[in-house]
Amino acid sequence: MAAEEAQAKSDEIVTVLLPEDEYPHTPDAAENYNESMYLNAFDLDAEVGGWFRLGNRVNEGYAEMSVCVYLPDGRVGFMFDRPNISSNDEMNAGGLRIDVHEPFKHLSVHYEGKVCLLDNPGDMADPRKAFAENPMVPTTVDIDWHGVSPMYGGKPQYADGRELVQDASKSFAKAHYEQHCRATGTITVGDEAITIEGFGLRDKSWGARYWSAITWYRWLPIVFGEDFAMMVSIISGDPERPPRMGGMVLEGNEYKMITDCTVDADWNLTGEQTSMKVWAKTEDREYDVTGEVISMIPLRNRRKTPDGEQLHTRITEAMTRYECDGRKGIGMSEFLDQVIDGWPVGVPRQDSA
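Because the structure is predicted, anything quoted here is derived from the model rather than measured.

A. Fine view of the overall build of the protein chain. A count of helical and extended segments in the protein chain gives two helices and 22 strands. Taken along the three principal axes of its C-alpha coordinates, the protein chain extends 70 × 50 × 50 Å. Residues counted as buried form 51% of the 353 residues belonging to the protein chain. Accessible surface, the protein chain as shown: approximately 16,100 Å² in total, 47% of it carbon and sulfur. Computed over 34 positive and 60 negative side-chain charges, the separation of the two mean positions in the protein chain equals 3 Å.

What follows is the structure in structure tokens.
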């Protein structure tokens, strides 16, 4: 009996997060290994901001580098590149650098390069045409993030330290964590300088990743202030099973886990979110949140499988204005969908589409 109890305990799954996880890991053997850091920052009063991501895919020899800046009047500056990398020693590629100054407390982003300046961000639905027909503008970013919350997430593993078995071909990440932050700094696009005095969220993940591994998801990182923020997540990883609901609410300096949630969106004729009603429940209470898209850019990832099938993933990235409990907030509504027969699978077909 004692041996059985010991085995059962060692087979328990626990979530582990260590300060050294803030730095790059030794890649495993998966060809599609991805070490990803993402940070967003918004100024609520000015309704400007941006997000920045590096995904080191060192076993494939390149990094995914994204810079997205939301300017006044609905304009968006965007850059994506796949710069070559030969190691996973740092998060620094394509002009974008992410530094960890103190784990779980202070990170910064610096970017020196260009963005494609879009008066109509919807042009990026056809990236080749968008980059050819819109101006490329010199851009610098210098922003610091200071954590205002505990950490959320980590790496699931067995209690005795064994790794969980991961099917690389169906994986999105083996570890993931997030944190709400205060964000301060500057973004300069051409002659236009933006000061960020606000908030945001940053996350990190590592492990095998294909963007096509998830059927669809709705990810809403939101900040109302230093004492009130949330992240609402709904993920459909398997169309044969119910979606997974989760996330957290920051109340004061403590995270309350979301046990159930819904996101009911309104859509335009191309199936992009325009507004939403969000409901989230913790053990303590329920929250009703409304969201209105300020500025949105559609992005895509395409991959051909070994048997020649062309996979198409669409991600609509929207700076979004939120309201809850009479407080104004800001953040993202990031909606990912696989595109099947020309339409995103998680979006109801529009009558006039």
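There is more to say, and it comes next.
B. Focus on the pairing of strand β13 (residues 216–225). The buried fraction of β13 amounts to ten of the ten residues, a majority that puts the element mostly inside the structure. In textbook terms, the turn of a hairpin is the stretch between consecutive antiparallel strands, and for β13 and strand β14 (residues 228–236) this stretch comprises two residues.

C. Structural view of the pattern of salt bridges. Here the structure, examined in full by the defined rule, presents 21 salt bridges. The residue E64 makes a salt bridge to R57 at a minimum N-O spacing of 3.7 Å. The pair E64 / R57 is uniform in exposure class, with both members buried. Salt bridges sharing partners connect three or more residues here, namely D28, K155, E163 and K174.

D. Main features of the nonpolar core. Grouped together as the largest cluster of nonpolar side chains are 34 residues, with contacts concentrated most on F52, I143, W145 and I187. Every residue in contact with I187, bar those within four places of it in the chain, is listed here: G49, F52, V69, T140, V141, I143, E192, A193, I194 and I196. The next biggest cluster of nonpolar side chains, apart from the first, holds 32 residues, and it includes F172, V223, I235 and L250.

E. How the structure looks around the packing of aromatic side chains. Applying the stated criterion across every chain, the model contains 13 aromatic pairs. Taking the centre distance of 6.3 Å and the plane angle of 75° together, the rings of F52 and W145 count as edge-to-face. Here F52, found in strand β3 (residues 48–57), pairs with W145, found in strand β9 (residues 136–147); they are 93 residues apart in sequence, far enough to count as distant. For W145, a relative accessible area of 1% puts it in the buried group. Linked through ring pairs, Y38, W51 and W219 together constitute an aromatic cluster. Stacked on the ring of F172, the Lys or Arg R209 has its end atom at 4.2 Å from the ring centre. The side chain of R303 reaches across the aromatic face of Y210, ending 3.7 Å from its centre.

F. Region of the structure containing the side chain of N32. Checked against the element boundaries, N32 lands in the loop between β1 (13–16) and β2 (33–43). By relative accessible area, N32 is classed as buried at 2%. Non-local contacts of N32, meaning those with residues more than four positions away in its chain, are made with R57, E60, A168, G207, A208, R209 and Y210.

G. View of unusual backbone geometry. Look at D73: it is not a glycine, yet its phi comes out positive at around 65°. Relative to the helices and strands, D73 resides in the loop between β4 (62–70) and β5 (76–81). By relative accessible area, D73 is classed as exposed at 76%. For F104, which is not glycine, the phi torsion reads 70° and is therefore positive. Checked against the element boundaries, F104 lands in the loop between β7 (96–102) and β8 (106–118).

H. Layout of the side chain of R53. Along the chain, the position of R53 falls in strand β3. Note on R53: relative accessible area 7%, which makes it buried. A distance of 3.1 Å separates a polar atom in the side chain of R53 from a polar atom in the side chain of S36. Leaving out residues up to four positions away in the same chain, R53 has contacts with N34, S36, M37, Y38, E64, M65, S66, L96, R209 and W211.

Cut-offs used in this document
Residues numbered from 1 in each chain as written. Predicted model: local features only at pLDDT ≥ 70, side-chain atom pairs only at ≥ 80, totals over all residues. Heavy atoms only, no water. Helix = DSSP H or I, 4+ residues; strand = E, 2+ residues; numbered from the N terminus. Buried < 20%, exposed > 50% of the residue type's maximum accessible area, 1.4 Å probe, protein only. Areas by Shrake-Rupley, 256 points an atom, 1.4 Å probe, with all protein chains shown as cover. Lys, Arg positive; Asp, Glu negative; His and termini not counted. Charge placed at Lys NZ, Arg CZ, Asp CG, Glu CD. Pairing = 2+ DSSP bridges. Salt bridge = Lys/Arg side-chain N within 4 Å of Asp/Glu carboxyl O. Core = buried A, V, L, I, M, F, W, Y, C linked by side-chain atoms within 4.5 Å. Contact = heavy atoms within 4.5 Å. Phe/Tyr/Trp six-rings, centres within 6.5 Å; stacked < 30°, edge-to-face > 60°. Lys NZ or Arg CZ within 6 Å of the ring centre and 35° of its normal. Polar contact = N/O pair within 3.5 Å; in protein donor to acceptor, adjacent residues only side chain to side chain.

Geometry only, nothing functional implied.
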